[in-house]
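Here's the letter readout for the chains.
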Amino acid sequence: GITRDMAELVRQMTHRGVAHEHGRPTLEMQGVTVAYAAGINGVTTSRGTDYALKNVTFQVGAGERMAVVGPNGAGKSTLFKLIVGTLKPSQGEVNIFGHDPNGHICIAYVPQRSQIDWSFPVTVEDVVMMGRVGQIGFFRWPRRSDWAVVHRSLERVGATHLAKKQIGELSGGQQQRVFVARALAQQAELLLLDEPLNGLDMPSQEAIFEVLDGLRPDGVTVLVATHDLNLAAERFDRVMLLNRQIVALGEATAVLTTDNLLAAYGGHMTVIGDGDMLLADTCCDHD
């Protein structure tokens, strides 16, 4: 089948990037704090008191699917930047398979759709081929085997028929599937999706989850930042409730309790009736 073919192609490729330590979790954070210097945006410091994240410690294993939820400004985007390696912690350690994120080519990040320039003139298959750069190396032409990976990746997300289209012509759901295909072509083992379902109708959301379900046999670890608490409860192995610190982390039934949600959302939440109905601030500004 497609999965076996893909696995065989992956085995044939020369592994580049940082070697993974056997037996280490896919992702591990230990005592991670991100503090900003007062009045200076984007400059982290070990002595700052304006915390984006404070003392964050957790692990995620191979093949696990975890939702990250919390109010705007909770630090979800900061968390993802730490994992990708574009932001360094003020204190603590971030490790991917036992090493800091630098040099890893196994991490794929799909930003919010609003942050992508969809007018850029590039075809779907070229977007997916961009995922191969880490394996091929810069300034080298793709080989036939690389194009085979690209086409199998598109096949796995049900987007083969879109290969020659411009990325800007696609629907939101199709665009998200193409970016997951790029992660597959990259041979990513850790996939980060920032609000991937924003603006998608139910069939498009279902299609994305079918694709994510298909990653489980490959052991791909998936972290999804979402505002949708119901979705987090229904479709993920574990849920991280974040508000600069980890308020709770575990199975949804244990995490998404009234007390925990009030602790995380505070004034953004209203308890109605007997305390079993909660309305969260679900507006989707960037955090």
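Report follows, based on the coordinates. (Residues numbered from 1 in each chain as written. Predicted model: local features only at pLDDT ≥ 70, side-chain atom pairs only at ≥ 80, totals over all residues. Heavy atoms only, no water.)

1. With respect to the overall build of the protein chain
As a reminder of what qualifies: Strands here mean DSSP runs of E at least two residues long; helices mean DSSP runs of H or I at least four residues long; both are numbered from the N terminus. Think of it in three bands: residues with accessible area under 20% of the maximum for their type are buried, residues over 50% are exposed, and the middle band is partly exposed, with areas taken using a 1.4 Å probe on protein chains only. The contact criterion used is simple: two residues touch if any of their non-hydrogen atoms lie within 4.5 Å. Surface exposure here means Shrake-Rupley accessible area, sampled with a 1.4 Å probe, where a residue is shielded only by the protein chains that are shown.
Counting secondary structure elements, the protein chain contains ten helices and eleven strands. Out of the 287 residues in the protein chain, the part that is buried amounts to 49%. Relative to all contacts within the protein chain whose residues are 6 or more apart in sequence, the contacts with residues 24 or more apart total 70%. In the form shown here, the protein chain has an accessible surface area of approximately 13800 Å², with 50% of it arising from carbon and sulfur atoms.

2. A short note on unusual backbone geometry
Negative phi is the rule for most residues except glycine; trans is the rule for most peptide bonds. The phi dihedral of Glu-195 is positive, around 50 degrees, even though this residue is not glycine. Checked against the element boundaries, Glu-195 lands in the loop between strand S6 (190-194) and helix H7 (202-213). Backbone geometry at Arg-244 places phi at a positive 70 degrees, although glycine is not the residue there. The exposure class assigned to Arg-244 is partly exposed, which follows from its relative accessible area of 38%.

3. As for the sheet that holds S6
The test is simple: Note on pairing: DSSP must find at least two bridges between two strands before they are called paired. Angles shown run from 0 to 180 degrees and are taken between the N-to-C directions of axes, each axis being a line fitted to C-alpha atoms and, for helices, limited to the stretch in contact.
Overall, mixed pairing links the six strands, which are arranged S5-S6-S7-S3-S8-S9 in an open sheet. With one partner strand each, in any of the chains shown, strand S5 (107-110) and strand S9 (245-250) form the two edges of the open sheet. Between one strand axis and the next, the sheet turns by 15 degrees as a mean value, whatever way the strands run. Sheet topology places S5 next to S6; four bridges connect them, and they run parallel. Paired with Ala-108 across the two strands is Leu-191, which belongs to S6. Contacts from helix H6 (residues 172-185) reach S5 and S6, with the element oriented near 170 degrees to S5. With respect to the sheet, helix H10 (residues 258-265) is in contact with strand S3 (65-69), strand S8 (238-243) and S9, its orientation differing from that of S8 by roughly 40 degrees.

4. Side note on the nonpolar core
Formally: Put simply, a nonpolar core is a bunch of buried Ala, Val, Leu, Ile, Met, Phe, Trp, Tyr and Cys residues held in one set by side-chain atoms that sit within 4.5 Å of each other.
Judged by nonpolar contacts, the single largest core of 52 residues is most densely connected at Leu-154, Ile-167, Leu-191, Leu-193, Leu-212 and Val-222. No other element matches H6, which puts seven residues into this core. Apart from residues lying up to four places away in sequence, Leu-191 is in contact with Ala-108, Val-110, Ala-183, Leu-212, Leu-215, Val-220, Thr-221, Val-222 and Leu-223.

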